[in-house]
Amino acid sequence: MNHILNAFFIGFKEIWAHKFRSLLTMLGIILGVASLVGMSALVKGMENGMREALVAVGGLEKVRIEENDLPASQQHLADQAVGVTMADVYAIQRNADLIRSVTPEMRMRDALMTHGSKTYNSWYFAGTWPSALDMNQHVVQYGRMFNEVDDENARNVCVIGTAARDALFGSPDETGKEIIPIGEKVNIKGEVFTIIGMFEHYESEQDAKKRELAKLQPVTGNTNAPTRQKSMFGRKGGNSTSYIFTWKNSTIYIPLNTMWLKFRSAAGSNNIPDPRLSSLSVKVRDVNNLDPTIRQLRNVLMLTHHGIEDFAVQTQEDWADRINSAIRNARLSGGIISIISLLVGGIGIMNIMLASITERIREIGIRKAIGATYSDIFIQILVESVVIAIIGGAAGLVASMGLVGVLGVISAAENTPVITVSSLMLAFSFSAGVGVLAGLIPAFKAAKLDPIQALRYE
Amino acid sequence: MALVELRNVSKIYHLGGEEIRALDDVSLDIGAGEFISIIGPSGSGKSTLMHILGCLDKPSRGTMKLDGIAIEKASSAQLAHVRNQKIGFVFQFFNLLPKLNVLQNVELPMVYSGKNATERRDHAVEALKMVGLENRMKHRPMQLSGGQQQRVAIARALVNNPKIVFADEPTGNLDSKTGETILALFKQLSEEGRTIALVTHDDAIAARTPRRIEIRDGKIANFQNPVGQA
């Protein structure tokens, strides 16, 4: 132990004696560690952005049931298929105890909304229950959500997303103020609806930052300053998850009964009322118990559907899996690049250690003559290499903080990079490991020097 | 039993298929407390003899015992231990480490014998007092004169209290006056009871030691005072 401590001491002195050379050598490790930490911070930021979007659509505990084509073996029963109906909703409520809540949804595609001369066609116009608020992670910022009484009485009320407000009343970017259209009347397919509530403006952390930045920029006659994204395909479109927020902002909810009585009951083919739900969403009690829950759900539905499998159960798991695999890939490729750069740093250390022992052949000879063993010399050189690497590693951690700060500033519109403790520890232990690897060959060369030859060396 | 016992020792090098006998069947005893010189022209094999006596090298043939330890059978780690504990070296070119100060240079052998810091310091200061350099402890070797550097080297050789001190041309790099003081120091150490072997090519220096061993062509050519009385 004393030996090793002493070797560390000698190592520090040796590095201090060649400050500039050691600094240059360390630079490789510093950059390697900084890039490893920076890469992992970027990936973490990306991951956070993706998870944010996953939560915005209801999280993992939300499961959707939609009408689906029959499997090939049941094609002959196609005319018996009833689709997803309210019967399913009540059956699930009664029988599936692993389900926390159920929300039916009846959507309509051609719901043109008009207010004065302005029109808006929502991506997502749906009749639903008040529980949709919780199901789809909506927050009513102004006014209120419709309640059971509104639904019972099939009142013409609606709760809108900010995209509808922007289109019909003007967006804050255009008008310079937040218009709250609560109490305003709008016309939807000939029916007059009262707006009773408006959701908050949903955006990813990334988009929020973009908007903040745009605000900070001086308005030098540039009138087409960045505005909120209005369309799914509009502009260059940020990252792959921002459409989630666009879609969410265009939401318009009306009570389910209103939808049924005012639009659906008369809209079926040949004026036969169409009782089918567009989808129904359920929230599971325990996400960790997802598979049994899905089985239970399926059993209940198979009963109400008389064994005809005309529905599909969709979980967000696939999406979560996609996120995970995207993260894994990003981490892997970034990790490989960073580790290569760390290895290059290690080669730099090895190079300098080889040069250093050539300079010190005589010193090694003297040390051996007065009693240093093979392992004494081996440990001394190895420790020197490790000391360079860990000083470089520690400096790299400090540098990575700066690097991530700079990354955050220059790519301010991207997801904020997040430094994790585990990435710091990983990078540091890697740098120490690289130091050991880089020191092995020089240490071996130095330790096996013959003292007589070494003492003669000029 | 003699401190060092060399029996029929040969050192053979192979150079391009040719066999070179740097030492050829040498037998030699050095008793405790002796002050001897090993003399010979360059290429005579005296350096090889010193390397073997100093446990820096092992004989190709024959046996050698130092303080009862069979050197020809020892591993390199054991040899390092023997060099550390039982042998002190003084070289022609001093061989101090330029980056360490005088005190640290003298402490160095004790670093490898695992002594703790306070012990190291005490012994090193003691050894430096012996050579009269206790007021130069914080100096770097380069700040000292040649004679002073050699005295630091002698202090380093003595610091682990070795059984025998080997000095390889210790005055070879010094002017005659300084060389004289170094020889006087060796004489004084010998009088204090230490075993010292001087390797030199200079007859005048060899004449100062009670016992003289002359090497020629790898063999011992001439014994003077073979019993080795001081």
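Caption draft 1: Quick peek at the interface of chain A and chain B. Facing 23 residues of chain A, the contacting portion of chain B comprises 24 residues. Of all residues in chain A, Ile 366, Ile 370 and Ile 452 of chain A give up the largest surface area on contact with chain B, accounting jointly for 29% of the area buried on that side. Counting every contact that joins chain A to chain B gives two salt bridges. The partner of Glu 363 of chain A in a salt bridge is Lys 99 of chain B, and the shortest N-O contact between them spans 3.6 Å. If you look at where chain A meets chain B, you find five residue pairs in polar contact (both at pLDDT 80 or more).

Caption draft 2: Molecular detail of the sheet that holds strand β5 (residues 69-70) of chain B. Reading across the sheet, the four strands line up as β2-β1-β4-β5 (chain B) and stay open at both edges, with antiparallel pairing between neighbours. In the strand order of this sheet, the two ends are held by β2 (18-30) and β5 of chain B, each with one partner.

Caption draft 3: Here's a closer look at the environment of Ile 361 of chain A. All names here are of chain A. Looking at the element boundaries, Ile 361 is found in helix α13 (residues 361-369). Once the C-alpha coordinates of Ile 361 and Glu 458 are considered, the two residues, 97 residues apart in sequence, prove to be 8.7 Å apart. When residues no more than four places from it in sequence are discounted, the contact partners of Ile 361 are Leu 449, Ala 454 and Tyr 457.

Caption draft 4: Structural view of the domain arrangement of chain A. Structurally, chain A comprises domain 1 (2-53 + 323-456) and domain 2 (61-315). For domain 1 of chain A and domain 2 of chain A, the distance between their C-alpha centroids amounts to 54 Å.

Caption draft 5: Looking closely at the pattern of salt bridges. This model, assessed by the stated rule, comprises 33 salt bridges over all chains. The partner of Asp 29 of chain B in a salt bridge is Arg 7 of chain B, with the nearest N and O atoms 2.8 Å apart. With Asp 29 of chain B in strand β2 and Arg 7 of chain B in strand β1 (residues 4-15), the pair connects residues that are 22 residues apart, well separated along the chain. Overall, Asp 29 of chain B belongs to the partly exposed group, its relative accessible area being 30%. Among the ionic contacts, a cluster of salt bridges with common partners joins Glu 14, Arg 360, Glu 363, Arg 367 and Glu 384 of chain A together with Lys 99 of chain B.

Caption draft 6: Region of interest: a negative patch on the surface. All names here are of chain A. Residues Asp 291, Glu 317, Asp 318 and Asp 321 make up a contiguous surface patch of negative charge. It is helix α12 (residues 317-359) that provides the largest number of residues to the negative patch, a total of three residues. You can see Asp 321 is positioned in helix α12. Its relative accessible area of 47% is what places Asp 321 among the partly exposed residues.

Caption draft 7: Seen up close, helix α10 (residues 256-264) of chain A. Where α10 of chain A is concerned, the buried positions are Leu 256, Thr 258, Met 259, Phe 263 and Arg 264 of chain A. All buried residues of α10 of chain A fall inside an arc of 150° around its axis, so they share one side.

Caption draft 8: Seen up close, the pairing of strand β6 (residues 87-90) of chain B. Residues and elements named next belong to chain B. Side chains Ile 87 and Phe 89 project from β6 onto one buried face, and the interleaved Gly 88 and Val 90 project onto a second face that is buried too. Where β6 meets strand β7 (residues 164-168), four bridges bridge the pair, whose relative direction is parallel. Across the sheet, Phe 89 pairs through a bridge with Phe 166, a residue of β7.

Caption draft 9: Structural view of unusual backbone geometry. All names here are of chain A. The phi dihedral of Lys 189 falls on the positive side, at around 45°, and the residue is not glycine. The topology assignment puts Lys 189 in the loop between β8 (185-188) and β9 (191-199). We classify Lys 189 as partly exposed; its relative accessible area is 43%.

Caption draft 10: Structural view of the packing of helix α3 (residues 102-112) of chain B against helix α5 (residues 146-158) of chain B. Residues and elements named next belong to chain B. Two numbers describe how α3 lies on α5: the axes approach to 7 Å, and their chain directions differ by 30°. With respect to α5, the element α3 is oriented roughly parallel. Handedness of the crossing formed by α3 with α5: right-handed. Residues Val 102, Asn 105, Val 106 and Pro 109 of α3 touch α5, and the partners they reach there are Val 152, Ala 155 and Arg 156. Residues that form the contact of α3 with α5 fall into these classes: five nonpolar, one polar and one charged.

Caption draft 11: View of the packing of helix α2 (residues 19-56) of chain A against helix α15 (residues 421-447) of chain A. Residue and element names in this part refer to chain A. Where α2 meets α15, the closest approach of the two axes is 9 Å, and the angle between their N-to-C directions is 150°. Between α2 and α15, the interaxial angle falls into the category roughly antiparallel. As for how α2 packs across α15, the hand of that crossing is right-handed. Where α2 abuts α15, its residues Ile 29, Val 33, Leu 36, Val 37 and Ser 40 lie against Ser 423, Leu 424, Ala 427, Ser 431 and Val 434. Class assignment for the residues of the contact of α2 with α15 results in seven nonpolar, three polar and no charged.

Each value, and the rule that gives it
- Residues numbered from 1 in each chain as written.
- Chains lettered and ligands numbered in written order.
- Predicted model: local features only at pLDDT ≥ 70, side-chain atom pairs only at ≥ 80, totals over all residues.
- Heavy atoms only, no water.
- Contact = heavy atoms within 4.5 Å.
- Buried area = accessible area lost by both parts, 1.4 Å probe.
- Salt bridge = Lys/Arg side-chain N within 4 Å of Asp/Glu carboxyl O.
- Polar contact = N/O pair within 3.5 Å; in protein donor to acceptor, adjacent residues only side chain to side chain.
- Pairing = 2+ DSSP bridges.
- Helix = DSSP H or I, 4+ residues; strand = E, 2+ residues; numbered from the N terminus.
- Domains from an automatic or database assignment.
- Buried < 20%, exposed > 50% of the residue type's maximum accessible area, 1.4 Å probe, protein only.
- Patch = residues over 30% accessible without salt bridge, like charges linked within 9 Å, V, L, I, M, F, W, Y side chains within 5 Å.
- Areas by Shrake-Rupley, 256 points an atom, 1.4 Å probe, with all protein chains shown as cover.
- Lys, Arg positive; Asp, Glu negative; His and termini not counted.
- Charge placed at Lys NZ, Arg CZ, Asp CG, Glu CD.
- Arc of directions from axis to C-beta.
- Axes fitted to C-alpha atoms, helices over the stretch in contact; angles between N-to-C directions.
- Parallel < 35°, antiparallel > 145°, perpendicular 65-115°, else oblique.
- Left-handed = near helix turned anticlockwise from the far one by under 90°.
- Nonpolar A, V, L, I, M, F, W, Y, C, P; charged D, E, K, R; others polar.

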